[in-house]
Amino acid sequence: GSLLERMRFDKGRLSFPDKRVKAVNGVSFRIARGEVMALVGESGCGKSTVAKTIARIYRPTGGTIRIEGEDIAGYGVRELLPVRSRMQMIFQDPYASLNPRQRVRDIVAEPLLEQTTGAAARREVAERTLALLAKVGLNTEHAGRYPHQFSGGQRQRIGIARALSVNPGLIIADEPVSALDVSIQAQILNLMMDLRDEFGLAYLFISHDLSVVHHIADRVGVMYLGFLVETGPREHIFSAPRHPYTRALLSAAPSIEKTRSRPEIELKGEVPSALDLPSGCCFRTRCPLAFERCRLERPTLKPVGGGAEVACHLTDEPDRDRA
Ligand code: SF4
Ligand code: MG
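The structure presented is a predicted model; accordingly, all values stated were derived computationally and were not measured.

Turning our eyes to something else, we now look at the nonpolar core. Core analysis: the largest hydrophobic core is formed by 78 residues, its most contacted members being Ile172 and Tyr224. Not counting the four nearest positions on each side in its chain, Ile172 is found in contact with Ala51, Ile54, Ala55, Met87, Met89 and Leu204.

Have a look at this one:
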């Protein structure tokens, strides 16, 4: 397990004070260029923590975060600056993440200006800003307005334009549509997919909503209590899930067509505290298939074929999987 420190903005300087936040464990995955990797799980499962750690808003005390082979896990604030042009983050509540006193053109230009000096470059940034606003469906007139003059969906468009400004390869999106009306959700998701196609973007997409994930993900990771319990291509997760927790989540999702390959599992009880993890398997206190070994031994992710990995002792003891 590793603890994390949250980056803080203090008197114009970014720093990592010694403030510790919730840990995540055994979380390991790759995202290929142009791929949409989704992390799903109930609130508090650690998916946002993973997102903010990869974005290096948190500093991990262990493990590696490799971008095109370069491990940025231990980078300090100064070393992280050039990394910002390779990955950017968008948030659930764009209003909270956009400076209310800045005009839209300045909000969108800011990440790029951090990496730019000189008057000619600034003129280029101004032009690029207007082009980016057009890409996300906003116009020149919008550029001079302030965040409060926009709807939630438009504000998310501004957040996306800002993220795109530095031409990143990866966008980390933490519940980017969950605060929006369903009709607006589809517009924003479609925009994100169009931009993926146009710019070859990869997304790490954090969501608690399986129907959204089903719509956009190439690959899915399922998290529970800070652990990645199952990961694989979308078809694996939605049509042939193996982990009892994944099966329970799908059973509880009304809008997802039910899999016929395995019986449904009903999710019972409360999520235990992450500060007081169960011994053995983190899911055993809620798992209807738990057996003795689950209390004694923590399962690790093991390949089960088709590019999927599952952390459950049932993968070694398939005869027990009768639920
Ligand atoms: Fe359930 Fe045991 Fe598998 Fe954990 S390891 S999910 S408790 S069967
Ligand atoms: Mg969250």
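Once you've had a look at it, read on.
Counting along an α-helix, one turn takes 3.6 residues, and residues three or four places apart therefore face a common direction. A rise of 1.5 Å per residue sets the reference length of helix H8 (residues 182-199), with its 18 residues, at 26 Å; its end C-alpha atoms lie 26 Å apart and thus fit the reference within 8%. Among all positions in H8, only Gln185, Ile188 and Met192 are buried. Buried residues of H8, viewed axially, fall in a sector of 70 degrees; they line one side. Of the residues in H8, the exposed ones pointing more than 90 degrees away from the buried face are Ser183, Asn190, Asp194, Asp197 and Glu198. Next to the buried residues of H8 lie helix H7 (152-164), strand S11 (202-207) and helix H9 (210-216). Among the residues trailing H8, Gly200 stands out with phi positive, at a value near 65 degrees.

Time to look at the pairing of strand S13 (residues 227-233). Across the seven residues that make up S13, a large majority, six, are buried. Relative to S13, strand S12 (residues 219-224) runs antiparallel, the two being bridged by six bridges. Bridge pairing in S13 links Val222 to Glu230. Two successive antiparallel strands, S12 and S13, enclose a turn made up of two residues, where Leu225 displays a positive phi of approximately 50 degrees. As paired strands, S13 and strand S15 (residues 308-310) are joined by two bridges and run antiparallel to one another. If you follow Thr231 over to S15, its bridge partner there is Glu309.

Spatially, S9-S10-S11-S5-S12-S13-S15-S14 is the arrangement adopted by the eight strands of the open sheet, whose pairing is mixed. Lying at the two open borders of the sheet, with one neighbouring strand each, are strand S9 (87-90) and strand S14 (302-305). The mean angle between the axes of side-by-side strands here comes to 20 degrees, regardless of whether they run parallel or antiparallel. Of the strands in this sheet, S12 and S13 are in contact with helix H11 (residues 244-251), which crosses S12 at around 100 degrees.

All right, on to unusual backbone geometry then. Although it is not a glycine, Glu68 sits at a positive phi angle of roughly 45 degrees. Considering the arrangement of structural elements, one finds Glu68 in the loop between strand S7 (66-67) and strand S8 (70-71). Under the C-beta neighbour-count criterion, Glu68 is labelled exposed, with 8 such atoms within 10 Å. A positive phi angle is found at Asn167, which is not glycine, with a value near 60 degrees.

Now for the pairing of strand S5 (residues 36-40). Most of S5 is tucked away, with five of its five residues classed as buried. Burial of the side chains of S5 extends over both faces: Val36, Ala38 and Val40 are buried on one face and Met37 and Leu39 on the other. Inspection of the sheet shows S5 paired to S11 by five bridges, in the parallel sense. Among the inter-strand pairings, Val40 is bridged to a residue of S11, identified as Ser207. Here four bridges tie S5 to S12, and the two strands are oriented parallel to one another. Within S12, the residue paired with Met37 across the bridge is Arg219.

Think of interface size as the accessible area that goes away when the parts come together; that is how it is often given. By domain assignment, the chain separates into domain 1 (25-217) and domain 2 (235-320). Computed from C-alpha coordinates alone, the two centres of domain 1 and domain 2 are separated by 31 Å. On the side of domain 2, eight residues touch domain 1, which itself brings six residues to the contact. By residue class, the composition of the side of domain 1 that touches domain 2 is one nonpolar, four polar and one charged.

This part takes up the site of ligand 1. As a matter of local geometry, ligand 1 sits amid 13 residues, with Cys281, Arg284, Cys287, Cys294 and Cys312 nearest to it. Grouping the amino acids of the shell around ligand 1 by side-chain chemistry returns ten nonpolar, two polar and one charged.

Further remarks concern the confidence of the model for the chain. Put simply, the chain has an average pLDDT of 87, and 90% of its residues get 70 or more. In this model residues 1-14 is a low-confidence stretch, pLDDT under 50, and it forms 39 contacts with partners more than four residues away in sequence or in other chains. Across the assembled chains, the prediction reports ipTM 0.96 with pTM 0.88.

By the element assignment, Ala131 lies in helix H5 (residues 119-135). According to the C-beta neighbour criterion, Ala131 is exposed, with 11 such atoms within 10 Å. As a C-alpha pair, Ala131 and Tyr75 span 56 residues in sequence and 32 Å in three-dimensional space.

Rules of the game
Residues numbered from 1 in each chain as written. Chains lettered and ligands numbered in written order. Predicted model: local features only at pLDDT ≥ 70, side-chain atom pairs only at ≥ 80, totals over all residues. Core = buried A, V, L, I, M, F, W, Y, C linked by C-beta atoms within 7 Å. Buried ≥ 20, exposed ≤ 12 C-beta atoms within 10 Å, placed from the backbone. Contact = placed C-beta atoms within 7 Å. Helix = DSSP H or I, 4+ residues; strand = E, 2+ residues; numbered from the N terminus. Expected span 1.5 Å × (residues − 1). Arc of directions from axis to C-beta. Pairing = 2+ DSSP bridges. Axes fitted to C-alpha atoms, helices over the stretch in contact; angles between N-to-C directions. Domains from an automatic or database assignment. Nonpolar A, V, L, I, M, F, W, Y, C, P; charged D, E, K, R; others polar. Near = placed C-beta within 6 Å. pLDDT = per-residue confidence, 0-100.

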